Amino acid sequence: MNIILLGPPGAGKGTQAQKLVDARNMIQLSTGDMLREAKDSGTEMGNIVADVMARGDLVTDEIVIGLIREKLQGDKKGGFIFDGFPRTLAQADALADLLAEQGETLDAVIEMRVDDDTLVKRIVGRAEEARAAGKPVRADDNEESVKHRLMEYYKKTAPLIGYYHAKGQLQSVDGLGAIDEVSGAIADVLDK
């Protein structure tokens, strides 16, 4: 089973993806994680990614699609969870092409709905907790960058809701519940 977890930054996509990895032996393809790995690599591409991420902007489609293609070539286990990808209509089309090229299909798109004010508090709070615990803090986990990321989401990613709805693949869950409640709602969608 291949699915997309769709929602704004801080909606809990990564947390829910990890629950699916544990429960269903799926492989999480988090573009955020892949981009952070690239950023920390020290390569020329990594430095470009680091600069883009520090501004809170989205990286180019070519970079993201190239990273996804590399990941799809390995063990498929229980299927893939696309976490943070696609972010644009062009990427959605590219993902459809890439899945077809790999002989794969997209089985569900799960929109995690959350309130913007809650998102800002959640992300900034996560950064404050990490800082207090002496853990590394993402450069873009501050109020200004979060608001910029939300604006980018609404301009570029939110149109995917209509795109996948029109394809009959979209299901929505309330992303503001407790982690286990959200997991249960996602499981209900996947088990149908």
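Cut-offs used in this document
Residues numbered from 1 in each chain as written. Predicted model: local features only at pLDDT ≥ 70, side-chain atom pairs only at ≥ 80, totals over all residues. Heavy atoms only, no water. Helix = DSSP H or I, 4+ residues; strand = E, 2+ residues; numbered from the N terminus. Rg over C-alpha atoms; globule rule 2.2 N^0.38 Å. Buried < 20%, exposed > 50% of the residue type's maximum accessible area, 1.4 Å probe, protein only. Expected span 1.5 Å × (residues − 1). Arc of directions from axis to C-beta. Contact = heavy atoms within 4.5 Å. Salt bridge = Lys/Arg side-chain N within 4 Å of Asp/Glu carboxyl O. Pairing = 2+ DSSP bridges. Axes fitted to C-alpha atoms, helices over the stretch in contact; angles between N-to-C directions.

Chemist: Just to check I follow, could you spell out the overall build of the protein for this structure?
Modeler: Secondary structure assignment for the protein yields nine helices and five strands. Here the C-alpha atoms of the protein give a radius of gyration of 16 Å, agreeing with the 16 Å that 2.2 N^0.38 yields for 192 residues. Principal axes of the C-alpha set define a box for the protein whose edges measure 40 × 40 × 30 Å. Put simply, the protein has 192 residues, and 45% of those count as buried.

Chemist: I tried to follow helix H5 (residues 89-101) on my own but got confused; where do I start?
Modeler: For H5, with 13 residues, the first-to-last C-alpha span of 18 Å sits near the 18 Å given by 1.5 Å per residue. Taken together, the buried positions of H5 are occupied by Gln91, Ala92, Ala94, Leu95, Leu98 and Leu99. Within H5, the buried residues cover an arc of 165 degrees as seen down the axis, which keeps them to one side. Relative to its buried face, H5 has exposed residues pointing more than 90 degrees away, namely Asp97 and Ala100. Considering only its buried residues, H5 is in contact with strand E1 (3-6), helix H4 (61-72), strand E3 (80-83) and helix H8 (159-166). Gly103 sits one or two positions beyond H5 and adopts a positive phi of about 75 degrees.

Chemist: Would you mind going over the pattern of salt bridges with me for this structure?
Modeler: Where charged atoms from two side chains of opposite charge come close, those side chains can pair. Across all of its chains, the model carries 13 salt bridges by this definition. For the salt bridge of Lys147 with Glu143, the shortest nitrogen-to-oxygen distance reads 2.9 Å. Residue Lys147 and its partner Glu143 are located together in helix H7 (residues 143-157), separated by four residues, close to a single helical turn. On the basis of relative accessible area, Lys147 is assigned to the partly exposed category, the value being 45%.

Chemist: Can you walk me through the sheet that holds E1 in this structure?
Modeler: By way of backbone hydrogen bonds, the strands of a sheet pair with one another, either parallel or antiparallel. Strands sit in the order E2-E3-E1-E4-E5 across an open sheet of five strands; the sheet is parallel. Each of the sheet's edge strands pairs with one partner strand only, and the pair in question is strand E2 (27-30) and strand E5 (170-174). With direction set aside, neighbouring strand axes in the sheet form an average angle of 25 degrees. The sheet contact formed by strand E4 (residues 108-113) and E5 spans five bridges and is parallel. Each residue of the ladder has a partner; that of Glu111, found in E5, is Ser172. This element, helix H2 (residues 31-40), spans E2 and E3 of the sheet and lies at about 65 degrees to E2. Contacting E2 and E3, H4 crosses the sheet at an angle of about 165 degrees to E3.

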